[in-house]
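Here's the letter readout for the chains.
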Amino acid sequence: MRRVIVIAAAGFGLAGCSSFSMDAFKPTPPMVQVQLDSTPQGADAKTSLGPGCKTPCTVSVAAPDSGFSVSYTMNKFEPATIPVQVVHVPADFGSPATTNIDPNPVVAELQPQGPPPKAARKKVMRPKQPKPPKSTAAPPADSAFPDSGQSTPPPPGR
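Residues numbered from 1 in each chain as written. Predicted model: local features only at pLDDT ≥ 70, side-chain atom pairs only at ≥ 80, totals over all residues. Heavy atoms only, no water.

**Points about the pairing of strand β4 (residues 57-62)**
In step 1: Residue alternation in β4 divides its side chains into a buried set, C57, V59 and V61, and an unburied set, T58, S60 and A62.
In step 2: Bridge count between strand β1 (residues 31-39) and β4: 6 bridges; the pairing is antiparallel. Within β4, the residue paired with L36 across the bridge is C57. (Buried < 20%, exposed > 50% of the residue type's maximum accessible area, 1.4 Å probe, protein only. Helix = DSSP H or I, 4+ residues; strand = E, 2+ residues; numbered from the N terminus. Pairing = 2+ DSSP bridges.)

**Digging into the pattern of salt bridges**
In step 1: This structure, assessed with the given rule, holds 1 salt bridge.
In step 2: Taking the shortest distance from any N to any O, the salt bridge between K54 and D44 comes out at 2.9 Å. One end of the pair, K54, is in strand β3 (residues 52-54); the other, D44, is in strand β2 (residues 44-47), with 10 residues separating them in the sequence. (Salt bridge = Lys/Arg side-chain N within 4 Å of Asp/Glu carboxyl O.)

**Some thoughts on the state of the cysteines**
In step 1: If you walk through the whole model with that rule in mind, you get 1 disulfide.
In step 2: Sulfur-sulfur distance for the disulfide between C53 and C57 comes to 1.7 Å. The disulfide joining C53 to C57 has a torsion of about 45 degrees about its S-S bond and is therefore right-handed. Exposure class is identical for C53 and C57. Each is buried. (Disulfide = S-S within 2.5 Å.)

**So, the sheet that holds β4**
In step 1: Overall, mixed pairing links the 3 strands, which are arranged β4-β1-β8 in an open sheet. Both outer strands of the open sheet, β4 and β8 (106-109), are each paired with one neighbouring strand and no more. The sheet shows a mean angle of 30 degrees between the axes of neighbouring strands, direction not considered. (Axes fitted to C-alpha atoms, helices over the stretch in contact; angles between N-to-C directions.)

**Some words on the environment of M74**
In step 1: Checked against the element boundaries, M74 lands in the loop between β5 (68-73) and β6 (80-89).
In step 2: Judged by its relative accessible area of 24%, M74 is partly exposed.
In step 3: The spacing of M74 and A45 is 29 residues in sequence and 9.0 Å in space, taken between C-alpha atoms.
In step 4: Sequence-distant contacts of M74, that is, excluding residues within four places in its chain, are made with P40, Q41, G42, A43 and L110. (Contact = heavy atoms within 4.5 Å.)

The following block contains the structure:
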């Protein structure tokens, strides 16, 4: 009689559940440690899975079935995003299942930002200055064309 009561109590307890999901039997994704670094150090690193920190550091993330990315930001440097691949190796009889992260550590080399673009300057309009008058210097004495401003000497021999 005792056995019947135990089974009835267990059945009554399960009957109160409105939904039963098989999700409870799915394995939880393994947690992996990912080392993050940058050149120069001190950049803000944030994974697409959520956790982040200032480099150099290590974050613990639940390894997804596919990859994820790590974004690096730092003042006066161009932001960078590095893709990370996750490789799950299933267990066999002789070894346990493993999860590999490629690359690990995740290192980004940040490039400095170029100088900010200069604002277009307004063109300053300066008044044009008049050209100086041409000089009225006399041509050399042995010139074939005498200056018209001088009196012409009489031809020799007259």
